[in-house]
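# Examination of the molecular architecture
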Amino acid sequence: MKPLRPVDDVSALPTVTFGPRSLMWWGTLGFMTIEGWTTALLVGSYLYLRQNYEAWPPLRTPYPSLLIPSINLLLLLVSVVPSAMVAKAAKRLDEPAVKRWLLVMCAATIPTLVLRWWELWALNTRWDTTAYGSAAWTIVGFHTSLLLLDILDTIGLTLFFFIKKMPVKAFSDATDNSFYWYFTVGVWIPVYLIVYVGPRIF
Amino acid sequence: MHSFFDPASPQARAVAGLWWWMFGVGFVIWLGVAALAVYVANAGHGQRESDDLMHVPPETRRRIERIVSASVFATVLVLAVFLVYDFSVGRLLAQHPQRALTIDVVGHQWWWEVQYEDPNPSKRVGTANEIHVPVGETVQFKLRAADVIHSFWAPNMNGKRDLIPGYVSTLWFKADTAGVYRGQCAEFCGLQHAQMAFYIVAEPPVKFAAWLAAGSAPPEPPTDSTLLYGQRVFMSSGCAVCHAIGGTEAKATVGPDLTHFKGRSSIAAGSLANTRANLTRWIQNPSAIKPGVRMPALPFKPAELNALVSYLETLK
Amino acid sequence: MTTLPVNEKLPADVTLSPDELLREAMALDTTWRDKPGVWGWLSAVDHKTTAKRYIITAFLMFIAGGIEAALMRLQLARPENNLIGPDRYNQLFTTHGTTMMFLFAVPIMTAMGLYFVPLMIGARSIAFPRLNAFGFWNYFVGVVFLYVSLFANTGPDTGWFAYVPLSGPAYSPGHRVDVWAQVVTFTEIAALCGAVNIIATVFKMRAPGMSLNRIPLFVWAQLVVAFMIVFAMPAVATGSTLMLATDRAVNMHWFNPAEGGDALLWQHIFWFFGHPEVYIIFLPAVGMVTPIIETFCRRQVFGYTAIVMANITTAFFAFGLWVHHMFATPIPELGQSLFTAASMVIAIPTGLQIFCWIATMWAGRPRLTVPMLFVLGFLFTFINGGITGVMLASVAFDKQAHDTFFVVAHLHYVLIGGGLMPLFGAFYYWFPKITGRLLKESWGKLHFWLFLIGTNVTFFPMHVLGLNGMPRRIYTYLAPTGWGPLNLLATAGALTIALSVLIFVVNAAKSWFGGELAKENPWEAAGLEWATASPPPPYNFIHTPLVRSRHPLWEPTVELPVVVGLRSDRREILVTTTFDARPDSRHNSPDGSIWPLYTALSMGLVFIGSIFSPYFVLGGLGVSLVGLLGWAWQSTQPSGVERVALPDGPIVERV
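The structure contained in this document is the topic of the report that follows.

Thresholds, definitions, all that
- Residues numbered from 1 in each chain as written.
- Chains lettered and ligands numbered in written order.
- Predicted model: local features only at pLDDT ≥ 70, side-chain atom pairs only at ≥ 80, totals over all residues.
- Heavy atoms only, no water.
- Axes fitted to C-alpha atoms, helices over the stretch in contact; angles between N-to-C directions.
- Helix = DSSP H or I, 4+ residues; strand = E, 2+ residues; numbered from the N terminus.
- Parallel < 35°, antiparallel > 145°, perpendicular 65-115°, else oblique.
- Left-handed = near helix turned anticlockwise from the far one by under 90°.
- Nonpolar A, V, L, I, M, F, W, Y, C, P; charged D, E, K, R; others polar.
- Phe/Tyr/Trp six-rings, centres within 6.5 Å; stacked < 30°, edge-to-face > 60°.
- Buried < 20%, exposed > 50% of the residue type's maximum accessible area, 1.4 Å probe, protein only.
- Lys NZ or Arg CZ within 6 Å of the ring centre and 35° of its normal.
- Pairing = 2+ DSSP bridges.
- Contact = heavy atoms within 4.5 Å.
- Lys, Arg positive; Asp, Glu negative; His and termini not counted.
- Salt bridge = Lys/Arg side-chain N within 4 Å of Asp/Glu carboxyl O.
- Buried area = accessible area lost by both parts, 1.4 Å probe.
- Polar contact = N/O pair within 3.5 Å; in protein donor to acceptor, adjacent residues only side chain to side chain.
- Expected span 1.5 Å × (residues − 1).
- Bend = angle between axes of the 7 residues up to and from the residue.

Our next topic: the packing of helix α3 (residues 95-121) of chain A against helix α4 (residues 131-163) of chain A. Residues and elements named next belong to chain A. Remark: α3 packs on α4, axes separated minimally by 9 Å, with the N-to-C direction vectors making an angle of 155°. Taken together, α3 and α4 sit at an angle that is classed as roughly antiparallel. The handedness of the crossing between α3 and α4 comes out as left-handed. In terms of residue class, the contact of α3 with α4 is built from 18 nonpolar, 7 polar and 3 charged.

So, on to the packing of aromatic side chains. Across all of its chains, the model carries 96 aromatic pairs over all chains by this definition. Each ring, one from Phe134(C) and one from Trp631(C), has its centre 5.8 Å from the other, and the planes form 65°; the classification is edge-to-face. Linking Phe134(C) in helix α5 (residues 129-151) with Trp631(C) in helix α18 (residues 614-635), this pair joins segments that are 497 residues apart in sequence. For Phe134(C), a relative accessible area of 9% gives the class buried. Here Trp631(C) falls in the buried class, since its relative accessible area comes to 15%. Look at Phe424(C) and Phe427(C): their rings are 6.0 Å apart centre to centre, the planes differ by 75°, and that puts the pair in the edge-to-face class. With a gap of 3 residues between them, Phe424(C) and Phe427(C) both fall in helix α14 (residues 405-435), about one helical turn apart. Grouping residues by exposure puts Phe424(C) and Phe427(C) together as buried. A connected cluster of aromatic rings, assembled from ring pairs, spans Phe59(C), Phe62(C), Phe104(C), Phe374(C), Phe424(C), Phe427(C), Tyr428(C), Phe448(C), Trp449(C), Phe451(C) and Phe504(C). One Lys or Arg, Arg116(A), reaches over the ring of Trp188(A) and ends 4.0 Å from the middle of that ring. The ring centre of Phe160(A) lies 5.4 Å from the NZ or CZ of Lys164(A), which sits over that ring.

All names here are of chain B. With respect to topology, 3 strands assemble into an open sheet ordered β4-β10-β9, the strand pairing being mixed. With partners counted over all chains shown, the strands left at the sheet margins are β4 (130-134) and β9 (179-184), one partner each. Neighbouring strand axes in the sheet, compared pairwise and without regard to direction, differ in orientation by 25° on average. Sheet topology places β9 next to strand β10 (residues 197-203); 6 bridges connect them, and they run antiparallel. Along β10, the bridge assignment pairs arginine 182 with tyrosine 199. Contacting β4 and β10, helix α3 (residues 205-216) crosses the sheet at an angle of about 135° to β4.

A few words on the sheet that holds strand β8 (residues 169-174) of chain B. Residues and elements named next belong to chain B. Strand order across the open sheet formed by 5 strands is β3-β2-β1-β5-β8, with mixed pairing between neighbours. Among the strands making up the open sheet, the edge pair consists of β3 (125-128) and β8. Going from strand to strand, the sheet's axes swing by 25° on average, the running direction of each strand aside.

Our next topic: the packing of helix α4 (residues 86-120) of chain C against helix α8 (residues 263-297) of chain C. Residue and element names in this part refer to chain C. Contact geometry of α4 with α8 gives a least axis separation of 10 Å together with a crossing angle of 40°. As summarised for this structure, α4 and α8 are arranged oblique, according to the angle between their axes. Our pair here, α4 against α8, has a crossing hand that is left-handed. On α8, the residues that touch Met101, Phe102, Ala105, Val106, Met109 and Met112 of α4 are Phe273, Glu277, Ile280, Ile281, Pro284, Ala285 and Met288. Counted by class, the contact of α4 with α8 contains 12 nonpolar, no polar and 1 charged residues.

Within the secondary structure, Thr185(C) sits in helix α6 (residues 176-204). Ignoring any residue separated from it by four or fewer positions in sequence, one finds Thr185(C) in contact with Ser240(C), Thr241(C) and Phe607(C).

Take the side chain of Asp176(A) next. Residue and element names in this part refer to chain A. Examined against the element boundaries, aspartate 176 turns out to sit in helix α5 (residues 169-201). For the buried aspartate 176, which has no salt bridge, the nearest side chain bearing the opposite charge is lysine 91, at an N-O separation of 8.6 Å. If near-sequence neighbours (up to four positions away) are discounted, aspartate 176 is found in contact with Ser22, Met24, Trp25 and Thr28.

One can find Leu4(A) in strand β1 (residues 4-9). Owing to a relative accessible area of 13%, Leu4(A) belongs among the buried residues under this scheme. Residues in contact with Leu4(A), not counting those within four places in the same chain, are Leu16(C), Leu21(C), His543(C), Leu560(C) and Val562(C).

Before going further, it helps to examine the pairing of β4(B). Residues and elements named next belong to chain B. Buried residues dominate β4, accounting for 5 of its 5 residues. Both faces of β4 are covered, namely the face carrying Glu130, His132 and Pro134 and the face carrying Ile131 and Val133. Two elements, β4 and β10, share 5 bridges in a ladder whose sense is parallel. By the bridge assignment for β10, glutamate 130 is matched with tyrosine 199.

Across the boundary between the two partners, chain B contributes 83 residues, which contact 83 residues of chain C. In total, chain B and chain C occlude about 7200 Å² of area from one another, counting both sides; carbon and sulfur atoms represent 69% of this. Here chain B is connected to chain C by 0 salt bridges. Taken together, the connections running from chain B to chain C amount to 15 residue pairs in polar contact (both at pLDDT 80 or more). Of all the elements in the fold, those that place two or more residues in the side of chain B that touches chain C are α1 (10-43), α2 (58-94), β7 (161-163) and β9 of chain B. The leading source of residues in the side of chain B that touches chain C is α1(B), at 17 residues. Residue composition of the side of chain B that touches chain C, grouped by class: 47 nonpolar, 23 polar and 13 charged.

Looking now at helix α7 (residues 217-250) of chain C. Residues and elements named next belong to chain C. With 34 residues, α7 extends 47 Å between its outermost C-alpha atoms, agreeing within 8% with the 50 Å of an ideal straight helix rising 1.5 Å per residue. Within α7, the axis deviates most sharply at isoleucine 229, by approximately 30°. Across the 34 residues of α7, 30 count as buried, placing the element largely inside the fold. Just past α7, the residue asparagine 251 takes up positive phi, approximately 60°.

This part covers unusual backbone geometry. With an omega of 5°, the peptide bond running from Trp56(A) to Pro57(A) counts as cis. Within the element layout of this structure, Pro57(A) appears in the loop between α1 (23-50) and α2 (67-91). That bond from Val164(C) to Pro165(C) is cis: its omega, 0°, falls within 30 degrees of zero. The residue Pro165(C) is located in the loop between α5 and α6 in this model. The backbone of Asn129(B) shows a phi angle near 65°, a positive value even though the residue is not glycine. Following the sequence through the fold, Asn129(B) ends up in the loop between β3 and β4. Classification of Asn129(B) as buried rests on a relative accessible area of 8%. A positive phi is found at Ala269(B), a non-glycine position, where the angle reads about 55°. Structurally, Ala269(B) is set in the loop between β11 (266-267) and β12 (272-273).

In structure tokens form, the structure reads like this:
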């Protein structure tokens, strides 16, 4: 074994960082890529099945309703604001503000999950009638699982902030949670356009 | 005869030619690289162990760079030639006449339904597991699947085509050498994928025309009392639920058409030679020969079985 | 070589006394060692522990898959053999393929990365050790599930590719295909956890000074493959879990042509994953070849940059080849030509790498140790498989050879030559690092020669069989086909392979428990994994090495430069910048936890239960929720005073 010679000392480096400097951010980005790509593959398959039909939606299947999905889209977009405020407060290590905005974020995001139930039925078809219905239900269903996961994460984070003394790295986790929420909302926009608006266009 | 190495059509011949070229070039490349690897592994060209581990002298480095670049260039060149050759074979295979004798093949678990198309529906000829084609004439196959995916492959004639539910595939070839060629399902299709063979019978056009003409005519009705009994057994014991025999009320299409059953060389999609003994054995217990086969063993009495077999033996 | 991106700040007279080192080592050992006892064993998160579990489980899967192969070979040894009936045979070949691809090849290649990537880049651990353990337990549940099902006569029986509609609800009632779909799901989750871990580890945890152009080639290969996994595995997860399983469980119509579904969609999705899968196995193996050649030729590899580029190019093209598995299907011919061209182009980067290795051997003085022999075996065998691969890129020829034993021969030449040969070489090469003991060379040589001969005797005749018309996946054939003699020969070859593997297993077992002790760097190799004890301590390195070149241990300096200042009283790892690997922060790495195991088991309940009733899914999700909460609770325990780098401000100290 070669003798070791110290050439640098890292003891002054920070131990909690935010964004791309932190490992957790990269992990979050990795899973976002996987989930975004899965959504893309589902949308690709939906469009592939489109070729098997003369009409889209198939004959005797009505267009998806637009009312509930549009309201929910709006809600999702609005919920980005409290989410951003959580991140902003967390980056100042401002615990009261983080708690406050986490509550608002819960209040803004949980209804989207509730509305999602009617949003599924707004497809106006069942999953077991045609391949069109199967594809639409699978895409929206898959996105619902992302929605559920991030809302659970938000609820858990909120709960923990209120009932226990959180370590300072939890502020960094809170920004990653908001980061993931932007993704969940962002990935919904093309899904909404293709699954709900799309059949009226192609 | 069941081999890629004995092509019996221009299509299969072109691919075999491509193969022998690829084999030759590939073999030379393999031998060259392998020999080089053994040589350099044993020769010990490099400097002594005490030399600098991290750096190769510049002149050696330049020489290596030239050799590696040349090798990559040679690889590209060989691939380019191969690509051009392959595309030219591909074009040849894609050529076919506008109109041709068309044979519909439907893959079933685990047998082949065959229909010769004719504008006059009454002249369509149906058979199974054995396909007669005229020598010297391009034939088109329209391939469909009744249940799961199968793949139609007679290596002496042409490459394979998959039969996929929801799709119609086509395949063309022109047999140029008379003979009987074996083919087999090439896409895994369940329990009896292994025993789903068929035969291509390539024969002179005159002989083929005669065979086709005979095919559209029903077999002569039986007169002998045993045979009549056998026919009754066929109609009443369940055989007719699945099979058709031309000129009788048996018209089911679940199993192979038996109109000219005795004219075929095998039973159960190439599983057994078409002899009386084999036929008896097969009817008694199909699952003993093809485990999982859809055809059930019906409880025939010996006399019934004997008459049934005698009747089937007359379906020429 | 480029200039140093890292400042060497400390004066030259700062030294570490042996006493200081010993104290540091003891403190680190207390901090990093997984707890003893059964609970500690189940809660272990050391990346080396997890990786060893992966390697051993995956190797057992290799043996299981091998036994299945041997049984199939015995059945095919003569025409109309009655040893194994079609029902059992179909389960055997499906389980063989599923085991070898999903439960052996990919996991063992990932596991080698999970073991060695942190060591090779001078890191204390992996980025997410709990996620890593979670991935392993998922995989383990999949392994147990498949084999319990097989012994309960519910083994999957529609091929490792599970083509619809045969695998759909209409033609495969019962639960056999469900087992397949869920086993795939488990291994996907495991592979994805591993991939995310490797990407984060390589991007953020490299030793100071290990800029992108100094990353060891094995690590490069693992990084490229991790990206491939991220884009390939979701495809098969989509196909099997979101489409096939829903078609089967809740009557969806993804693949039902009667309702507008499409049987070819499955093939597109499956091969979009399935083709990259080959390179997911091959590239890590290629990454193993390079250090073996460098070490035993005592030369740095020729064409480092070219090899990195070749890896990246291969990964890109690997996603553009899937249609060459579908040339016999009715898809447009123009599309097929494009895929032919792409399939040929991918031969170029592979060829380039082979030439670079031969050049390296040429420039050096090769010592024909067992790892080197396996590298030569890799060249002979893999090049054969590569050439038949180029042949199969031809649509015209592929339509003849597709789904025949010619392809069976081709794929085994590629996977045994391009995956297994390097892997065996790597076993001999790194065994001393993992176990602290050397494998016996004489036994190794016997293993090598029998394995090489066995492989060729088994698979070479299959080329001829395939062109003589023998299709794949048949449990029997008639005597008049004339396929008997070559099949008998192939069976003899398979038994030779089995014997050679047996020799390896005995050698490994004997050496592990009583072999010659290995020094820290027995081969005088250049990589950082050799800069620590054999086997490495739980914390990997007493102090993080600082890297000045691609071959840190071949530097002509007497001393190994290191970075000090990481705490030893908690699990602290050094985070560096992505491109230049400058020290950036210290990260508190989690310690052992039972929650990864708990969560993996509860997810197992969800996936396995989904086969039987949707209520299992709901119940399982509830149970999983407890696991996620527990996991999160444990991850937010107080950690003492932290130095926080505010995004746009100074560093502040906070509790």
